[in-house]
Amino acid sequence: MARRARTAPPSCRAPRGRKPGKRYQWDAETQGWILGSFFYGYIITQIPGGYIASKVGGKLLLGFGILGTAVLTLFTPIAADFGVGALIVLRALEGLGEGVTFPAMHAMWSSWAPPLERSKLLSISYAGIVGIIWFVLWIWLVSDSPETHKSISHCEKEYILSSLKNQLSSQKSVPWIPILKSLPLWAIVVAHFSYNWIFYTLLTLLPTYMKEILRFNVQENGILSAVPYFGCWLCMILSGQAADHLRAKWNFSTICVRRIFSLIGMIGPAVFLVAAGFIGCDYSLAVAFLTISTTLGGFCSSGFSINHLDIAPSYAGILLGITNTFATIPGMVGPVIAKSLTPENTIREWQTVFCIAAAINVFGAFFFTLFAKGEVQNWALSDHHGHRN
């Protein structure tokens, strides 16, 4: 396949009969800045979002973060017509609102998710959000903790609270120094950063690759362009069920499950992403490989992505804010680097982009496997006695 790719044309022939959508006269560098601008706002609110959620609860923080992003997104076409500057500012503001969502969600799950049900609960919650309609239902139905929920049954509340009683800390202050010295935390940081390099490469540049290399007009063929992300969504839900089943029914240790799912969810996408770059102009096979690559990434939702709750449930929102701060960097610089590496949009240039992303992902997978932990760390407990789950 490699020899075929070397002899392939710079890009594939455009299919007949497709009409282009509205086009803006933005060069590759400008497009890179536009794609990355969201993350300049997103990175700012990660740690503050986790800290605020740990102090006052995540319900309102998460709700208004999603609402703000949803409303601002509606103005994207208008901002694009105003010009590049307006669009960059708008996307940065969207990032500010979106930045609090995952830290707030982790903070809430620390109070709601029993240890043996964490994978499936978090994978379902990460699998999709529906904007403004979701916000109304969220404010109406959700509470920060089981104690404040209006309609929870007594048995369910007691089950949740009893399953978490040995894992939560009663400390008022945040142990910042022990947190920053924690090697298991940095294992998550490296894995999160590495995985997001591939994730954001595909998220921001897959339409460009399909259009410029495969000559596939994503605007005119939205269903097929969404197939990779439907696969990821489905994999997230199923892998969450599988992870908790392995722990509850087969007595797999927490760290064993996290390692297995992270390895599958990081090395698998790396392999198929590289393969997609070396198949020449075989459109069907390219879509298949990109779909498999994105789908396998869903395993990470039950791997390193949830490990914050394993090692420090009381500070899960803050830990997620820390790891996601570093993991946002690929979204900021990845599109710019990729665009600089593909000035002519040739197959060979895109092979370089895919190989770099894959190598980073494989490194992160092995680093996490070596240094991750599956039990609550001593610094995360008020009595400083670790508890294995």
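Below you will find a few notes about this structure. (Residues numbered from 1 in each chain as written. Predicted model: local features only at pLDDT ≥ 70, side-chain atom pairs only at ≥ 80, totals over all residues. Heavy atoms only, no water.)

Within the element layout of this structure, Cys281 appears in the loop between helix H14 (254-277) and helix H15 (283-296). Cys281 gets classed as partly exposed once you look at its relative accessible area, which sits at 30%. Through-space distance from the C-alpha of Cys281 to that of Ile213 is 8.0 Å; in sequence the pair is 68 residues apart. (Helix = DSSP H or I, 4+ residues; strand = E, 2+ residues; numbered from the N terminus. Buried < 20%, exposed > 50% of the residue type's maximum accessible area, 1.4 Å probe, protein only.)

A separate point is the pattern of salt bridges. It is possible for side chains bearing opposite charge to pair when their charged atoms get close. Following the criterion strictly, the structure yields 3 salt bridges and no others. Between Asp310 and Arg118 there is a salt bridge, with the nearest N and O atoms lying 3.4 Å from each other. Placement of Asp310 in helix H16 (residues 307-311) and of Arg118 in helix H8 (residues 118-126) is noted, with a sequence separation of 192 residues between them. The partner of Asp310 in a salt bridge is Arg258, with the nearest N and O atoms 2.6 Å apart. Residue Asp310 is found in helix H16, and its partner Arg258 is found in helix H14; the two are separated by 52 residues along the sequence. Each member of the pair, Asp310 as well as Arg258, carries the same accessibility label: buried. Within this structure, Arg118, Arg258 and Asp310 form a network of salt bridges that share partners. (Salt bridge = Lys/Arg side-chain N within 4 Å of Asp/Glu carboxyl O.)

If you check the backbone angles, Asn251 has positive phi at about 60° while not being a glycine. What makes Asn251 exposed here is its relative accessible area of 67%. Despite not being glycine, Asn345 shows a phi value in the positive range, around 55°. Relative to the helices and strands, Asn345 resides in the loop between helix H17 (316-341) and helix H18 (347-371). Overall, Asn345 belongs to the buried group, its relative accessible area being 19%.

Moving on to the side chain of Thr323. In this structure, Thr323 sits in helix H17. Exposure remark for Thr323: the relative accessible area of 0% places this residue in the buried category. If we skip the residues at most four places from it in the chain, Thr323 touches Leu185, Ile188, Val189, His192 and His308. (Contact = heavy atoms within 4.5 Å.)

Attention now moves to the nonpolar core. Core analysis: the largest hydrophobic core is formed by 27 residues, its most contacted members being Tyr209, Met210, Leu273, Leu290 and Trp350. Mapped by element, the contributors of at least two residues to this core are helix H12 (183-212), H14, H15 and H18. With 7 residues, the single largest contributor to this core is H12. Setting aside residues up to four positions removed in sequence, Leu290 forms contacts with Leu202, Leu206, Tyr209, Met210, Pro228, Leu273 and Ala276. Counting residues in each nonpolar core, the second largest holds 24 residues, with Ala187, Ala191, Val376 and Trp379 among its members. (Core = buried A, V, L, I, M, F, W, Y, C linked by side-chain atoms within 4.5 Å.)

One way to put it is that H14 packs onto H15 with a least axis distance of 7 Å and a crossing angle of 165°. Of the possible angle classes, the one that applies to H14 and H15 is roughly antiparallel. In this structure, the crossing between H14 and H15 has a hand that is left-handed. Listed contacts from H15 to Ile264, Gly265, Gly268, Pro269, Phe272, Leu273, Ala275 and Ala276 of H14 are Ala286, Phe289, Leu290, Ile292, Ser293 and Leu296. Partitioned by chemical class, the residues of the contact of H14 with H15 number 11 nonpolar, 3 polar and no charged. (Axes fitted to C-alpha atoms, helices over the stretch in contact; angles between N-to-C directions. Parallel < 35°, antiparallel > 145°, perpendicular 65-115°, else oblique. Left-handed = near helix turned anticlockwise from the far one by under 90°. Nonpolar A, V, L, I, M, F, W, Y, C, P; charged D, E, K, R; others polar.)

Without other data, these values stay purely geometric and don't point to any function.
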